[in-house]
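Fold and contact review
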Amino acid sequence: MAIREGSIGELAVGDGKSQDFIRDIVSADLASGRRETVVTRFPPEPNGYLHIGHAKSICLNFGIAEEFGGHCNLRYDDTNPTKEDQEYIDAIERDVRWLGFDWGAHLYHASDYFERLYEWAEYLIRAGKAYVDDQTQEEMRLTRGTLTEAGVESPYRGRSLEENLDLFRRMRAGEFPNGARVLRAKIDMASGNINLRDPVLYRILHAEHPRTGRKWSIYPSYDFAHGQSDSIEGVTHSICTLEFEDHRPLYDWLLDSLPVPSRPHQYEFARLNLTYTVLSKRVLTELVRGGHVRGWDDPRMPTLAGLRRRGVPPAAIRDFVKRIGVAKANSVVDMAMLEFSIREHLNKTAQRRMAVLRPLKVVIENYPEGSGEEVEAINHPENPAAGSRMVRFGRELFIEREDFLENPPKKFFRLAPGREVRLRYAYFITCREVIKNAAGEVIELRCTYDPATRGGNAPDGRKVQATLHWVSAADARPAEVRVYNPLFARPEPDAANFAADLNPDSLEVIADARVEPALASLESGQAVQFERQGYFCSDADSTAERLVFNRTVGLRDSWAKVAAGGR
């Protein structure tokens, strides 16, 4: 059962040096002399893109190796050639490096060990610990038993060693069709752990492998390749997510049954689960193939590619992983915790710019026609070293449409008829007239300004209750702004019926925003804060003619209020 965790008030626990039960085990192993060095591994399958859940494993495995002076292997579990693709391999390596980690010379593939694994399979046959089974997949499923009932032994379990070796070698030679036979471990069909009920070690699969071509007609199961690959590479601490805990007895049985060169040990930790998110690779693949998103790097996706395109800094992901910690019990982490880490990082690093998402024209009637000036704008209020920039000011401006109300309620302090407000870095202005179209919609405001308030302060000491951002109509650049909300409408979406829980408002495209000219030179992926709006980055679709920005995260968690029915 998953535990719900994560409130903003708890976030301080991430401060200081990371420590958890895995690191305690590693420390104890080194202190006692059980281990002289630390070697971990990150073993992705190259059949999809990495997601935020993988980031937890990457940070843990690479982080522990670095902290204890060891190294972490990047090993591809390429045991299923029908689902593997070079695109995924390239994406995995790009994402691991983007997160800030490097495997150096320690890049491996399970396929590097196919010959050795095959030899060990024959070793098990000769030791009477493996046999070739002719049952179909359905027959094996029906005879496997349940959690309360023992399984039924295969009628082929008693085959002689000679017959098993002959059949297994013919399987390798490609004599039999897919599914005709498998190699199974001979352990205990009455075991309380179903994973020990004669698990499949090899299956026939006539498919071209990205690295070995057509050399092999049989491929090892993950369980058979996993521990032995760890041993070959000298892995000391094989760190897996909790669903592999029941597989550890098989991991140990295989290592104990084979003449392996080293003896790794498997440890399990709770995988990451996030609200409003599904991390099932099957679901993520269906989201892409079904056209529910624009690709693996769609900024609504929890993939590292999607988060990167959304403008999430890798340092924020590392901080988030550190804050949530490493535990043994499954839990669901509130998305607000990830967003907190993102805001914390971007607040310190992102320079400020002005952008008007839903423009409303303002004409300053007492400002000289044909004139203009530059006002100084601060790039980062908490970092003087970031300096300042000059922003053009003139007679015609754009402000946010939501910053004006013709008939404002009591607590609305922004612009209204007869009311004075401050334009950031510029002047005080007062609304004098409201211009509407034939439909009665406000299309323009006629205002006046006080020349004595340049810089945003009045010499007579009078105060205003609101400061608005703005852009100059004469030189503001048009832009498309993509505002992202959670992909799923419910905090805990149903993976079995994910389409029913998709959020119809997960993407809002604002086609006619206006931004200050300095944003035209923003590099793809570079983050800025649109003042009073949130954090944004330039998208890969952006061109010199058409700027495109993605919202990384708002200045505060507004979605929770929207989801609850308020705005």
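Along each chain, the written sequence defines residue order, and numbers are assigned to residues from 1. pLDDT decides what is reported in this predicted model: residues at 70 or higher carry local features, side-chain atom pairs at 80 or more are listed and counted, and totals for whole chains, interfaces and linings draw on all residues regardless. With hydrogens and water stripped out, all remaining heavy atoms of the structure feed into the side-chain values.

Notes on the overall build of the chain
Quick reminder of the rule: To qualify as a helix, a DSSP run of H or I must reach at least 4 residues; to qualify as a strand, a run of E must reach at least 2; elements of each kind are numbered from the N terminus. Relative accessibility decides the category of a residue: with a 1.4 Å probe and only protein chains considered, values under 20% of the type maximum give buried, values over 50% give exposed, and everything between is partly exposed. In this analysis, two residues are considered to be in contact whenever any of their non-hydrogen atoms come within 4.5 Å of each other. For the accessible areas, the method is Shrake-Rupley and the probe is 1.4 Å, while residue cover comes only from the protein chains on display. None of His or the chain ends enter the tally, which takes Lys and Arg as positive and Asp and Glu as negative. By convention, charge coordinates are those of NZ in Lys, CZ in Arg, CG in Asp, or CD in Glu.
Along the backbone of the chain there are 13 helices and 27 strands. Within the chain, the fraction of its 567 residues that count as buried is 53%. Put simply, 71% of the contacts in the chain that link residues at least 6 apart link residues at least 24 apart. For the chain, the computed accessible surface area is about 25100 Å², with 48% contributed by carbon and sulfur atoms. Here the chain contributes 76 positive and 84 negative side-chain charges, whose respective centroids are spaced 3 Å apart.

Considerations on the environment of phenylalanine 269
Tracing the backbone through its elements, the reader meets phenylalanine 269 in strand β10 (residues 265–269). In this structure phenylalanine 269 comes out as buried when scored by relative accessible area, which is 1%. Between the C-alpha atom of phenylalanine 269 and that of alanine 540, which follows or precedes it by 271 residues, the distance is 36 Å.

As for the packing of helix α2 (residues 52–67) against helix α11 (residues 314–324)
Rules: Simply put, an axis is a line fit to the C-alpha atoms, just over the touching stretch for a helix, and the angle between two N-to-C directions goes from 0 to 180 degrees. Under this scheme an angle from 65 to 115 degrees is roughly perpendicular, one under 35 degrees roughly parallel, and one over 145 degrees roughly antiparallel; angles in between are oblique. Residue type decides the class: Asp, Glu, Lys and Arg count as charged, Ala, Val, Leu, Ile, Met, Phe, Trp, Tyr, Cys and Pro as nonpolar, and the leftover types, Gly among them, as polar.
Relative to each other, α2 and α11 sit at 75°, their axes nearing to 10 Å. The pairing of α2 with α11 is recorded here as roughly perpendicular in orientation. Contact residues: Ile52, Ala55, Lys56 and Cys59 in α2; Ile317, Arg318, Phe320, Val321 and Ile324 in α11. Looking at the contact of α2 with α11 residue by residue, the class counts come to 7 nonpolar, no polar and 2 charged.

Some words on the environment of histidine 469
The cut-off we apply is this: Whenever a nitrogen or oxygen atom comes within 3.5 Å of another N or O atom, the pair is scored as a polar contact, on the condition that within protein one atom can donate a hydrogen and the other can accept it, and that pairs from neighbouring residues in sequence are kept only if both atoms are in side chains.
Here histidine 469 lies in the loop between β21 (467–468) and β22 (471–472). Put simply, histidine 469 and aspartate 403 are 66 residues apart on the chain and 9.3 Å apart in space, counted from C-alpha to C-alpha. In this structure histidine 469 touches Met354, Ala355, Val356, Phe398, Ile399, Glu400, Asp403, Glu531, Arg532 and Gln533, once residues within four positions along its chain are discounted. A polar contact of 3.2 Å, which involves the side chain of histidine 469, links it to the backbone oxygen of alanine 355.

Observations concerning the packing of α11 against helix α12 (residues 335–349)
Stated formally: Each crossing gets its handedness from the near helix: less than a right angle anticlockwise from the far helix is left-handed, clockwise is right-handed.
Running from N to C, α11 and α12 cross one another at 135°; their axes reach a closest spacing of 8 Å. Comparing the axis directions of α11 and α12 gives the class oblique. Two packed elements cross with a definite hand, and for α11 against α12 that hand is right-handed. Note on element contacts: α12 touches α11 through Met337, Leu338, Phe340, Ser341, Ile342, Glu344 and His345, opposite Ala315, Ala316, Asp319, Phe320, Arg323 and Ile324. Of the residues in the contact of α11 with α12, the class split is 8 nonpolar, 2 polar and 3 charged.

Let's talk about the packing of aromatic side chains
We count it as follows: Pairs were defined over the aromatic rings of Phe, Tyr and Trp, the Trp ring being its six-membered one, requiring ring centres within 6.5 Å. Orientation was assigned from the angle between planes: stacked under 30 degrees, edge-to-face over 60, tilted for the rest. Placement of a positive charge over a ring is assigned whenever Lys NZ or Arg CZ falls within 6 Å of the ring centre and within 35 degrees of the normal to the ring plane.
For the structure on display, the rule yields 18 aromatic pairs. On the basis of an interplanar angle of 55° and a centroid distance of 5.2 Å, the ring pair of tyrosine 367 and tyrosine 449 is categorised as tilted. On the criterion of sequence distance, the pair formed by tyrosine 367 in the loop between β14 (359–364) and β15 (372–378) and tyrosine 449 in strand β20 (residues 442–450) is long-range, its members being 82 residues apart. A relative accessible area of 5% places tyrosine 367 in the buried class. Among the aromatic residues, ring-to-ring pairing joins Phe114, Tyr118, Phe168, Tyr202, Trp216, Tyr219 and Phe224 into one connected group. Above the face of the phenylalanine 176 ring, arginine 181 is positioned so that its terminal group lies 4.3 Å from the ring centre. The ring of tryptophan 98 has arginine 308 sitting right over it, with the charged end atom 5.2 Å from the ring centre.

What about the pairing of strand β25 (residues 527–530)?
Counted only if it meets this: Strands pair, by our definition, only if DSSP identifies at least two bridges between them.
With burial as the criterion, each face of β25 is covered, one bearing Ala527 and Gln529 and the other bearing Val528 and Phe530. Bridge count for strand β12 (residues 351–353) against β25 is 3 bridges, and the pairing is parallel. Across the sheet, the residue bridging to glutamine 351 is valine 528, located in β25. Across 4 bridges, the pairing between β25 and strand β26 (residues 534–538) is antiparallel. Bridge pairing links glutamine 529 to tyrosine 535 in β26. The antiparallel pairing of β25 with β26 creates a hairpin that spans 3 residues between the two strands, and arginine 532 there sits at a positive phi of about 70°.

Brief notes about the sheet that holds strand β17 (residues 396–400)
One open sheet holds the 7 strands; their spatial order is β21-β18-β19-β20-β14-β17-β22, and the pairing between them is mixed. The strands lining the two open edges of the sheet, one partner per strand, are β21 and β22. Taken together, the 8 bridges between strand β19 (residues 428–436) and β20 define a ladder with antiparallel strand orientation. Note that in β20 the partner of cysteine 431 across the bridge is cysteine 447.

Observations regarding the pattern of salt bridges
Going by this rule: Salt bridge, as used here: a side-chain nitrogen of Lys or Arg that lies within 4 Å of a carboxyl oxygen of Asp or Glu.
Per the counting criterion, the structure on display carries 54 salt bridges. One salt bridge connects glutamate 122 with arginine 169, and the closest N-O pair in it is separated by 2.9 Å. Residue glutamate 122 is found in helix α4 (residues 114–126), and its partner arginine 169 is found in helix α6 (residues 161–173); the two are separated by 47 residues along the sequence. The exposure class assigned to glutamate 122 is buried, which follows from its relative accessible area of 9%. Notably, a salt bridge pairs arginine 263 with aspartate 252, separated by 3.4 Å at the nearest N-O pair. With arginine 263 in the loop between α8 (248–257) and β10 and aspartate 252 in helix α8, the pair connects residues that are 11 residues apart, well separated along the chain. Classification of arginine 263 by relative accessible area gives partly exposed; the value is 33%. For aspartate 252, a relative accessible area of 18% corresponds to the buried category. Each of Asp297, Arg309, Glu480, Arg482, Asp539 and Asp541 takes part in salt bridges that share partners, so that together they form one network.

Focus: the sheet that holds strand β8 (residues 218–220)
Two pairing modes exist for strands in a sheet, parallel and antiparallel, and in both the strands are linked by backbone hydrogen bonds. The sheet built from 4 strands is open, its strands ordered β5-β6-β7-β8 with antiparallel pairing. Each of the sheet's edge strands pairs with one partner strand only, and the pair in question is β5 (130–133) and β8. Ignoring which end each strand starts from, the neighbouring axes of this sheet average 20° apart. Both strand β6 (residues 182–185) and strand β7 (residues 200–204) contribute to a ladder of 3 bridges, which runs antiparallel. Bridged to valine 182 within β7 is arginine 203.

Structural notes on the confidence of the model for the chain
We apply this condition: Values of pLDDT, which run from 0 to 100, indicate the predictor's confidence residue by residue.
On average, residues of the chain score 94 in pLDDT, and 95% of them reach the 70 mark or higher. Confidence drops under pLDDT 50 across residues 1–16; counting only partners more than four residues distant or on other chains, this segment forms 33 contacts.

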